[in-house]
Amino acid sequence: MGDSVNEYTTRLQQQEQEIKSLSAEVDGLKNPQNLSPSPRLEQLRDENAKLKYRLNVLKRSLQEERTVHCGKSMTNILHRLEEIFCEAIRAAYPELEDPPLSVASSQQPRFGEYQCNSAMAIAQILKAKGVKTNPREIAQKIVQNLSDNEVILKTEIAGPGFINVYLKRPFVSKLMSNLLINGVQPPPLSKKRVVVDFSSPNIAKEMHVGHLRSTIIGESMSRLFEFLGYDVLRLNHVGDWGTQFGMLIAHLQDKFPDYLTSCPPIGDLQAFYKESKKRFDEEEDFKKRAYKCVVRLQSKDPEFIKAWNLICDVSRKEFQKVYNCLDITLIERGESYYQEMMTKVVKEFDERGLSEMDEGRKIVFVPGQPIPLTIVKSDGGYTYDTSDLAALRQRLFDEKADMIIYVTDSGQGTHFQVVFAAAQLIGWYDPQVTRVEHAGFGVVLGEDKKKFKTRSGDTVRLMDLLDEGLKRCMDKLKEKERDKVLTPEELTKAQRSVAFGCIKYADLSHNRSNDYVFAFDKMLDDRGNTAAYLLYAFTRIRSIVRLANIDEAALKKAAETTEVLVEHEAEWELGKVILRFPEILQKILDSLMLHTLCDYLYELATTFTDFYDSCYCVEKDRQTGKVVKVNMSRILLCEATAAIMAKCFDILGINPVARM
């Protein structure tokens, strides 16, 4: 179809409106009242039949439109059931303007695959209107109004009014074939511009374990949004401006006086920072000179801008080492980027009468918020509040973001709550239209359940942590004698995949709101819900196709010509888990909780193990070892599992390898 998405959407809306109108009209014609047998009654009956026919034609047309438009996308079964039940509830209770709709996955197989739980809520609404009825009767009426569809095999009414839903196996089989032919495609969503603010280390300070969570979580969120087809801007809001640069530049001038002509060999920027801080605290003359350096820097003196750039560049190189290890992509846009915008922000709050003076400082007090924002200090300088307001404004008006996500520790929750409230107060955005959210996270703890520190009590450097992960992973691989079967190149790839994958997964598999214990031994364990287990499981699944001697071309042809059977209970269970992937993505999009994807990935891997233990895929001659029989339908189930797992790994930022 060559129609634009807008035209397609408009036509769908028009059809749905007509269906709604026709449904109401048909309901009105079902039992014509106060009419004696007459030509008029015959005419009404004739119109009634025509309306029903037209209604069915429109419904089929609407379904065909959806099929064409969403043919390559994975079907969200939950959403499709919501459409079916919404239609049935409206037909059963046309007098309810906005009837409650509740459809969810069933927690127990004996209750079907899904449940519609709307009857109880509808009963409460009717009771408030003075209509006596019970939820089971409502559930029965909803079921009676279910239209013929491609999804539901049967329904059962259970308990006080739950409607248990059982899926048609041919429907699941067809969706599996679509997945294999088209690949793992995102659900059809409207285009959005998304800004993700994450990582955000401070210049002249090394990245430490505290930056680990923001970096890993922000990267994974960005990957999710990109897979969903959003236009994503990944921003690194580094701390690259402020009074600390005065002391750093003053120390640079003393230690490397020829820095303007010869690049200073600053090997350890952390030590350089500590030296300058010690002098700032102990030497009064140095402190005065540091303040003068700040003034010269803020007035854009070329020599001081060069010194500032030199210090920033040394930090950037150190940051990039971490980003290269963890496969992180970011655009640096630090506090300095927003300096010119802060004056305009303050002026805007002043002109709107939203700022006030308080003991020499300028504040913004948002009604209902626990603390004010300080937008100008008593010395005339700006603050983090001013910087974050300027950044938010730029992202809303210049970047035209539909969604802005800040990934920082939960300790900054109140700060962002007030910043967002101030932005709404001044009218920069409407939270019903634009999603601006703080995705907070807990702290990283050591195995003693205290804040993760070195034995000497210092903060753990992130590069030291990553290097330790590599070392421990290689020890583990050699313990399993993988060095005797893998080439040196394969061994290094496996080492990096498992080490960095385990560090990421250990973080992402926990609810980000909670603190989590950093424990290498647990991370690298190849049993349980760990990256090590999942990566090994993935390589085993991929090896099944190699065992069957099936090349890519043969697989592709099989996907197009072989029906994926889901007759055995283990096949059925695996197929259902695979097809829940779009529901999982939607759940994460709503909550921004990535542990949901990790839980799903682990469930998929363990369900596959049950399937593989129960259903042969490749049969070999016990004496010769030759392949004598291949169950192609089950091989395709293996491929579908691997495809979903690969996409999950990709979203989580984990790189699986062919051999481990």
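All chains use their own residue numbering, which begins from 1 and follows the written sequence. Local features in this predicted model are restricted to residues of pLDDT 70 or higher, and side-chain atom pairs are both shown and tallied only at a pLDDT of 80 or more, whereas totals for entire chains, interfaces and linings draw on every residue. Heavy atoms throughout the structure, all of them, feed into the side-chain values; hydrogens and water do not.

As named in an unreviewed UniProt entry, the chain is Arginine--tRNA ligase, cytoplasmic, taken from Pogonophryne albipinna. UniProt positions are given in the numbering used here, feature names are shortened, and annotations may be inferred rather than shown by experiment. Reading the Subcellular location (unreviewed entry) entry of the UniProt record for the chain gives the comment "Cytoplasm, Cytosol".

On to the overall build of the chain, then. Each helix is a run of H or I in the DSSP string that is no shorter than four residues. Each strand is a run of E no shorter than two, and both are numbered from the N terminus. From N to C terminus, the chain includes 23 helices and 16 strands. Here a residue-residue contact requires only that any non-hydrogen atoms of the pair lie within 4.5 Å. Taking all contacts inside the chain whose residues are at least 6 apart in sequence as the whole, residues at least 24 apart take part in 73%.

Moving on: helix H9 (residues 269-282). A helix is expected to span 1.5 Å multiplied by its residue count minus one. Here H9 contains 14 residues, and its C-alpha end-to-end distance of 20 Å stays within 8% of the 20 Å for a straight helix at 1.5 Å per residue. Polar contact criterion, stated in full: a pair of N or O atoms within 3.5 Å, where within protein one must be able to donate a hydrogen and the other to accept it, and residues adjacent in sequence count only if both atoms are side-chain atoms. By the N-cap criterion, in which a side-chain oxygen at the helix start approaches the backbone nitrogen of a residue two or three places on, H9 is capped by Asp268, the distance to Gln270 being 3.1 Å.

By definition, a salt bridge exists where a carboxyl oxygen of Asp or Glu is found within 4 Å of a side-chain nitrogen of Lys or Arg. Tallied over the full model, the rule gives 46 salt bridges. Lys480 is paired through a salt bridge with Asp526; the nearest N and O atoms lie 2.6 Å apart. One end of the pair, Lys480, is in the loop between helix H15 (462-479) and helix H16 (488-508); the other, Asp526, is in the loop between helix H17 (520-523) and helix H18 (531-547), with 46 residues separating them in the sequence. When accessible area is computed with a 1.4 Å probe and restricted to protein chains, residues below 20% of their type maximum are described as buried, those above 50% as exposed, and intermediate ones as partly exposed. With a relative accessible area of 23%, Asp526 lands in the partly exposed category.

With antiparallel pairing, the 4 strands of this open sheet are ordered in space as S1-S2-S4-S3. Lying at the two open borders of the sheet, with one neighbouring strand each, are strand S1 (103-105) and strand S3 (152-158). The sheet shows a mean angle of 25° between the axes of neighbouring strands, taken without regard to direction. Criterion used throughout: strands pair if DSSP finds at least two bridges between them. Two elements, S1 and strand S2 (residues 114-116), share 3 bridges in a ladder whose sense is antiparallel. Looking at the pairing, Ala104 lines up with Gln115 of S2. Whenever a helix is involved, its axis is fitted only over the stretch in contact; in every case the axis is a line through C-alpha atoms, and angles between N-to-C directions fall within 0 to 180 degrees.

An α-helical turn contains 3.6 residues, so a residue and the one three or four places further along point in the same direction. For helix H7 (residues 210-227), built from 18 residues, the straight-helix expectation of 26 Å at 1.5 Å per residue is met to within 8% by its first-to-last C-alpha distance of 27 Å. Taking burial as the measure, the 18 residues of H7 include 16 buried ones, the bulk of the element. Two residues or fewer after H7 comes Gly229, characterised by a positive phi angle close to 90°.

Okay, the packing of aromatic side chains next. To describe a pair of aromatic rings, one takes the distance between the centres and the angle between the planes. The criterion for an aromatic pair is that two Phe, Tyr or Trp rings (for Trp, the six-membered ring) have centres within 6.5 Å, with stacked assigned to planes under 30 degrees apart, edge-to-face to planes over 60 apart and tilted to the rest. The final tally for this structure, using the stated rule, is 16 aromatic pairs. Here the aromatic rings of Phe349 and Trp428 are separated by 5.8 Å at their centres, their planes lie at 75°, and the arrangement is edge-to-face. Taken together, the positions of Phe349 in helix H12 (residues 339-351) and Trp428 in the loop between helix H14 (413-425) and strand S12 (435-438) put the pair 79 residues apart, joining distant regions of the chain. Residue classification places Phe349 among the buried residues on the basis of a relative accessible area of 0%. Exposure remark for Trp428: the relative accessible area of 7% places this residue in the buried category.

Below, the discussion takes up the side chain of Thr408. Relative to the helices and strands, Thr408 is located in the loop between strand S11 (403-406) and H14. Within the structure, the side chain of Thr408 is placed 2.7 Å from the side chain of His438, a separation counted as a polar contact. Not counting the four nearest positions on each side in its chain, Thr408 is found in contact with Phe416, His438, Ala439, Gly440 and Phe441.

This part covers the confidence of the model for the chain. Here pLDDT means the predictor's own confidence in every residue, given as a number from 0 to 100. Looking at the chain, pLDDT values average 89 and 89% of them are 70 or higher. Scored below 50 in pLDDT, residues 1-10 makes 8 contacts in the model with residues more than four places away or belonging to other chains. Within the model, pLDDT remains below 50 along residues 64-70, and this stretch shows 13 contacts once partners closer than five positions in the same chain are excluded.

Okay, the nonpolar core next. As a rule of thumb, soluble globular proteins bury nonpolar side chains together. We call a set of buried residues a nonpolar core when its members are Ala, Val, Leu, Ile, Met, Phe, Trp, Tyr or Cys and they connect through side-chain atoms within 4.5 Å of each other. Among the nonpolar cores identified, the biggest contains 171 residues, and Leu81, Leu212, Phe225, Phe518, Phe581 and Ile644 are the most heavily contacted of them. Core analysis: the next-biggest nonpolar cluster, separate from the first, contains 33 residues, Met342, Val345, Ala390 and Trp428 among them.

This part takes up the sheet that holds strand S8 (residues 355-358). Hydrogen bonds between backbone groups are what pair the strands of a sheet, and the pairing can be parallel or antiparallel. Read from one edge to the other, the open sheet built from 3 strands follows the order S8-S9-S10, with strand pairing classed as antiparallel. Of all the strands in the sheet, just S8 and strand S10 (373-376) have a single pairing partner and so form its edges. Here the average twist between neighbouring strands, direction ignored, is 45°. In this sheet, strand S9 (residues 361-364) lies alongside S8 in antiparallel orientation, the contact comprising 4 bridges. Its bridge partner being in S9, Met357 is matched across the sheet by Lys362.

Tracing the sequence through the fold places Trp241 in the loop between strand S6 (231-236) and helix H8 (244-255). Judged by its relative accessible area of 11%, Trp241 falls in the buried class. As a C-alpha pair, Trp241 and Gly334 span 93 residues in sequence and 7.8 Å in three-dimensional space. Among the polar contacts listed, one links the side chain of Trp241 to the side chain of Gln339, at a separation of 3.1 Å.

So, on to the packing of H8 against H9. Following both chains from N to C, one finds H8 and H9 inclined at 100°, their axes separated by 9 Å at the closest point. When the axes of H8 and H9 are compared, the pair comes out roughly perpendicular. Contacts between H8 and H9 involve Met247, Leu248, His251, Leu252, Asp254 and Lys255 from the first element and Phe272, Tyr273, Glu275, Ser276, Lys277, Arg279 and Phe280 from the second. Residue polarity is assigned by list, with Asp, Glu, Lys and Arg as charged and Ala, Val, Leu, Ile, Met, Phe, Trp, Tyr, Cys and Pro as nonpolar; anything else, Gly included, falls into the polar class. In terms of residue class, the contact of H8 with H9 is made up of 6 nonpolar, 2 polar and 5 charged. An angle below 35 degrees is read as roughly parallel, one above 145 as roughly antiparallel, one from 65 to 115 as roughly perpendicular, and any other as oblique.

Mapped onto the secondary structure, Leu534 falls in helix H18. With relative accessibility at 0%, the residue Leu534 sits in the buried group. Taking the C-alpha atoms as reference, Leu534 lies 9.9 Å from Cys598; in sequence the two are 64 residues apart. Setting aside its immediate chain neighbours within four residues, Leu534 contacts Tyr505, Asn529, Leu601, Tyr602, Ala605, Met645 and Phe649.

The subject of this paragraph is the pairing of strand S4 (residues 162-167). For a regular strand, side-chain orientation follows a simple rule: the groups alternate between the two sheet faces. Along S4, 5 of the 6 residues are buried, which leaves the element largely enclosed by surrounding structure. Of the strand pairs in this sheet, S3 and S4 are connected by 6 bridges, and their pairing is antiparallel. Counterpart to Thr155 in the pairing with S4 is Val165. What sits between the antiparallel neighbours S3 and S4 is a turn of 3 residues, in which Gly159 has the positive phi angle 55°.

What follows is about the side chain of Ser355. Mapped onto the fold, Ser355 is located in strand S8. In contact with Ser355, not counting residues within four places along its chain, are Phe349, Asp350, Lys362, Ile363, Val364 and Ile375.

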